[in-house]
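# Structure at a glance
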Amino acid sequence: MQRQPEPELMDLPEEARAYARAKFPDVMESVVNRLLELAAARGGSDGAAPRMVDLGTGPGTIPVMVARQRPQWDITAVDAAKAMTMIAGVSVKMAGVSDRVRVHLADAKSTGLPDGGFDIVFCASLLHHMPDPTPLWREIKRLAAPGALIFVRDLMRPESESAARRLVDTYAAEQSELLQEEFYRSLLSAFTVDEVRGQLAAAGLASLNVEPVGDRNLDVFGTAK
């Protein structure tokens, strides 16, 4: 099945609110557990607390979860959608983690953050929104300090539209019609494992691993050179 790109930003207030209200506890827990597993015993490049950036943070759910489990981490949560950063800011404040999570309004492809400024570069469910993924991979490479952990989790494109519909029925049947349609469009817009490997090679990140995770996701992970 050919890729069918979707809009890059989820900036409509109703979309942002629907996404923030959605309950995917198993998905979020799986991502956070995998991140913490990959980052085990990892410190900052200068011996200080690890510095993490979350590109495309959405409503800030993952940075809040990580900050609660790793209170010593310094986390920057980036999103280009004003509607999302407003929700993320509220979430961070209500969770009481404002001292270690900062919400940064910026394009994930051009964050304006320092070169090599992070020991952990994380990104979830953003890659499939990219019309051209190359600028995102280049920014990930730029932000990563030498030896940094890079971890990206995203959707994996199914073989057909009917297979995408089955995934929606399996994993989003209890969500709103808006979220079901968003999930379907995202599946059609996602990349395959082989496509991602080609993207990494073009961006100078060929050393990173790409693995399918279940029937709907893929993980990209490894150490920055």
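Criteria and cut-off values
- Residues numbered from 1 in each chain as written.
- Predicted model: local features only at pLDDT ≥ 70, side-chain atom pairs only at ≥ 80, totals over all residues.
- Heavy atoms only, no water.
- Phe/Tyr/Trp six-rings, centres within 6.5 Å; stacked < 30°, edge-to-face > 60°.
- Helix = DSSP H or I, 4+ residues; strand = E, 2+ residues; numbered from the N terminus.
- Buried < 20%, exposed > 50% of the residue type's maximum accessible area, 1.4 Å probe, protein only.
- Lys NZ or Arg CZ within 6 Å of the ring centre and 35° of its normal.
- Core = buried A, V, L, I, M, F, W, Y, C linked by side-chain atoms within 4.5 Å.
- Contact = heavy atoms within 4.5 Å.
- Pairing = 2+ DSSP bridges.
- Axes fitted to C-alpha atoms, helices over the stretch in contact; angles between N-to-C directions.

## A closer look at the packing of aromatic side chains
Evaluation of the coordinates by the stated rule reveals one aromatic pair. Seen in terms of ring centroids, Phe122 and Phe151 are 5.6 Å apart; in terms of plane orientation they differ by 45°. Their pairing is tilted. With Phe122 in strand β4 (residues 118-124) and Phe151 in strand β5 (residues 144-155), the pair connects residues that are 29 residues apart, well separated along the chain. The exposure classification of Phe122 matches that of Phe151, with both residues buried. One residue, Arg165, lies across the ring of Tyr184, its end atom 3.5 Å from the ring centre.

## Brief notes about the nonpolar core
Judged by nonpolar contacts, the single largest core of 33 residues is most densely connected at Leu55, Val121, Leu136, Trp137, Ile150, Val196 and Val220. Listed by contribution, the elements that provide at least two residues to this core are β1 (51-55), β4, α5 (134-143), β5, α8 (193-202) and β7 (217-223). Ranked by the residues each element gives to this core, the list is headed by β5, at five residues. Excluding residues within four positions of it along the chain, Leu136 makes contact with Leu55, Ala108, Lys109, Cys123, Leu126, Leu127 and Met130.

## As for unusual backbone geometry
Of note, Ser125 is a non-glycine position whose phi angle comes to about 60°, a positive value. Tracing the sequence through the fold places Ser125 in the loop between β4 and α5. Exposure remark for Ser125: the relative accessible area of 34% places this residue in the partly exposed category.

## Topic: the sheet that holds β5
In spatial order, the strands read β3-β2-β1-β4-β5-β7-β6; together these seven strands make up an open sheet with mixed pairing. Strands with a single pairing partner mark the edges of an open sheet, and in this sheet they are β3 (101-105) and β6 (209-213). Direction aside, the axes of adjacent strands within the sheet are offset by 20° on average. Sheet topology note: the strand β2 (residues 74-79)/β3 ladder contains five bridges and is parallel. Within β3, the position partnered with Ile75 by the bridge is Val101.

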